[in-house]
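# Examining the three-dimensional arrangement
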Amino acid sequence: MMRSSYRDEDVVLLLKDITGLVKPQPTEERERLIQAGKHYSEMLPVEYEPSSQYMEAYRKALESYAVPTARAVGVLADKVLAAKGRDVVLVSLARAGVPAGILLKRYFKFRYGADIMHYGISIIRGRGMDRNAMSYLLERHRPEQLQFVDGWIGKGAILQELKKELRAYEGISEEVAVLADPANETELCGTHEDILIPSSCLNCTVSGLISRTFLRDDIIGEKDFHGAVYYEELREADLSYEFIHAIEKEFCADIVTGEAGEGAEEGKGPEAGKGREKRQDAKEGKGAEEAKEIADFFGVHDINLVKPGIGETTRVLLRRVPWKVLIDGRYEKDAALAHIIRLAEEKGVPVESYPLKHYRACGIIKKLGDA
């Protein structure tokens, strides 16, 4: 099985260890290849090395948003329990879903004394789900036990990929459980608010030291799981369990009281008092529709270049070539966006005020004309 810095009792990663077999590529080179038609899963990015200022922003984010993240975990865990019962098997979508799945697993143990199985598998937009990993799961568990997990929903592209893939499997729920769903795609979420989930701020160093998943015929054989790299050289910088423990220590018996996003209102962010207004907006329409409106407004012809939500905006800044970042004017001084502002400043990316309905921020990837 795949190596990672996570303990075996927290997650079993159904991935092929391809460490040393793939040379990571610089961001701009990789972006040109993607926009020229090469699939992103056939390459790996050079992992972003955060500056000390950015790490300070991350630590403040973790301190300020551990409570709303923990509340989202609790709200979601109760919904999963109601839907699936105590013999649920969590199947996290690697890589961003894995920390969320570990938190759910630990919350089930904390709140209900239930020790549930948790796996991580790969699903790739445009390439589908790891069918070998699915076979492995279905040899060991009933279809109705499986519950897919991800960190958040941006505009729903992976969710649609999952639903399409699961049509081939009878008895498996197409619902994906997520901590945050500002796109308004599922009720199986911790909140519909665009909250900051601190694990979105970093790459492998908060995700068990594993890379994004990889799929290329010369390395991934017909019977192999999708691949990933283990970054053992970064173990001194690994914060994977620091993140888990920071959220876990905020678990409490009454954690599910109220909507998950209200945690920020109670405490530490300048966004206090704005959560209810934001949730009212989020009830109207879908995030995918808003992403299309943004694309039309800015003349972006490829919807895949528009990445709405705090988590997706952060990902654009960490591993793509950004054109600009949009921030809703109501949240310009929101502590949840401090790391985004810091990254944009470091990379020289313009930040513009734009009226967002479902989201607090949106990243737009630069169209490289000579791709």
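Residues numbered from 1 in each chain as written. Predicted model: local features only at pLDDT ≥ 70, side-chain atom pairs only at ≥ 80, totals over all residues. Heavy atoms only, no water.

## Observations concerning the pairing of strand β6 (residues 146–152)
For β6, the tally of buried residues reaches seven of seven residues, placing the bulk of the element in the interior. Looking at chain direction, strand β3 (residues 89–94) and β6 are connected through four bridges and run parallel. Each bridged residue has a counterpart across the sheet, and for valine 89 the counterpart in β6 is leucine 146. One ladder, built from four bridges, connects β6 with strand β7 (residues 176–180); its direction is parallel. Looking at the pairing, tryptophan 152 lines up with alanine 180 of β7. Crossover connection from β6 via helix α5 (residues 157–166) to parallel β7: handedness right-handed. (Buried < 20%, exposed > 50% of the residue type's maximum accessible area, 1.4 Å probe, protein only. Helix = DSSP H or I, 4+ residues; strand = E, 2+ residues; numbered from the N terminus. Pairing = 2+ DSSP bridges. Right-handed = clockwise from strand over helix to strand, strands pointing away.)

## A short note on the side chain of glutamate 165
Locating glutamate 165 in the fold gives a position in helix α5. A polar contact of 3.2 Å, which involves the side chain of glutamate 165, links it to the side chain of arginine 131. Setting aside chain neighbours within four positions, we find glutamate 165 in contact with Gly128, Met129 and Arg131. (Polar contact = N/O pair within 3.5 Å; in protein donor to acceptor, adjacent residues only side chain to side chain. Contact = heavy atoms within 4.5 Å.)

## So, the sheet that holds strand β10 (residues 306–308)
The strand order β10-β13-β11-β12 describes an open sheet built from four strands, whose pairing is mixed. Looking at strand neighbours, the two that pair on one side only are β10 and β12 (351–353), the edges of this open sheet. Averaged over all pairs of adjacent strands, the angle between strand axes in this sheet comes to 25°, irrespective of strand direction. Examined bridge by bridge, strand β11 (residues 322–327) and strand β13 (residues 361–365) share five bridges and lie antiparallel to one another. (Axes fitted to C-alpha atoms, helices over the stretch in contact; angles between N-to-C directions.)

## A look at the packing of aromatic side chains
Across all of its chains, the model carries twelve aromatic pairs by this definition. Ring centres of tyrosine 6 and tyrosine 241 lie 5.7 Å apart, and the angle between their planes is 85°; on these two criteria the pair is classed as edge-to-face. Here tyrosine 241 lies in helix α6 (residues 240–248) and tyrosine 6 lies in the segment before β1 (12–13), a separation of 235 residues in the sequence. Given the relative accessible area of 12%, tyrosine 241 is considered buried. With a centroid separation of 5.9 Å and 50° between ring planes, the pair formed by tyrosine 107 and phenylalanine 110 is classed as tilted. In this pair, tyrosine 107 and phenylalanine 110 are both assigned in helix α3 (residues 97–112), three residues apart and thus about one turn of the helix distant. (Phe/Tyr/Trp six-rings, centres within 6.5 Å; stacked < 30°, edge-to-face > 60°.)

## Some thoughts on the packing of helix α2 (residues 52–84) against helix α11 (residues 338–347)
At a closest axis distance of 9 Å, the pairing of α2 and α11 adopts a crossing angle of 165°. Classed by the angle they form, the pair α2 and α11 counts as roughly antiparallel. When you trace α2 past α11, the crossing you get is left-handed. Within the contact between the two elements, α2 uses Gln53, Tyr54 and Ala57 and α11 uses His339, Arg342, Leu343 and Glu346. Of the residues belonging to the contact of α2 with α11, the class tally is three nonpolar, two polar and two charged. (Parallel < 35°, antiparallel > 145°, perpendicular 65-115°, else oblique. Left-handed = near helix turned anticlockwise from the far one by under 90°. Nonpolar A, V, L, I, M, F, W, Y, C, P; charged D, E, K, R; others polar.)

## Some details on the environment of threonine 69
Take threonine 69: it is sitting in helix α2. Sequence-wise, threonine 69 and alanine 180 are 111 residues apart; in three dimensions their C-alpha atoms are separated by 8.9 Å. Apart from residues lying up to four places away in sequence, threonine 69 is in contact with Leu179, Ile195, Leu196, Ile197, Pro198 and Ile247.

## Looking at the nonpolar core
Counting 82 residues, the largest nonpolar core has Tyr58, Leu202, Phe243 and Ile247 as the members making the most contacts within it. The element best represented in this core is α2, accounting for 13 residues. Sequence-distant contacts of leucine 202, that is, excluding residues within four places in its chain, are made with Pro50, Tyr54, Met55, Tyr58, Leu239, Arg315 and Leu318. Ile121, Met129, Cys189 and Leu356 belong to the second largest nonpolar core, which has 40 residues in total. (Core = buried A, V, L, I, M, F, W, Y, C linked by side-chain atoms within 4.5 Å.)

## A short note on the pattern of salt bridges
Counted by the stated rule, this structure contains 28 salt bridges. Two residues, lysine 16 and aspartate 224, come together in a salt bridge whose shortest N-O distance is 2.9 Å. One end of the pair, lysine 16, is in strand β2 (residues 16–17); the other, aspartate 224, is in the loop between β8 (189–191) and β9 (227–228), and 208 residues separate them in sequence. Note on lysine 16: relative accessible area 24%, which makes it partly exposed. Here glutamate 144 ties to arginine 142 by a salt bridge, and the two come within 2.9 Å at their closest N and O atoms. The exposure class of arginine 142 is partly exposed, given its relative accessible area of 40%. Taken together, the shared-partner salt bridges connect Arg3, Asp17, Glu232 and Arg235 into one network. (Salt bridge = Lys/Arg side-chain N within 4 Å of Asp/Glu carboxyl O.)

## Points about the confidence of the model for the chain
The predicted model of the chain has a mean per-residue pLDDT of 90, with 91% of residues at 70 or higher. Note on residues 257–282: pLDDT is under 50 here. Beyond four places in sequence and across chains, it has 68 contacts. (pLDDT = per-residue confidence, 0-100.)

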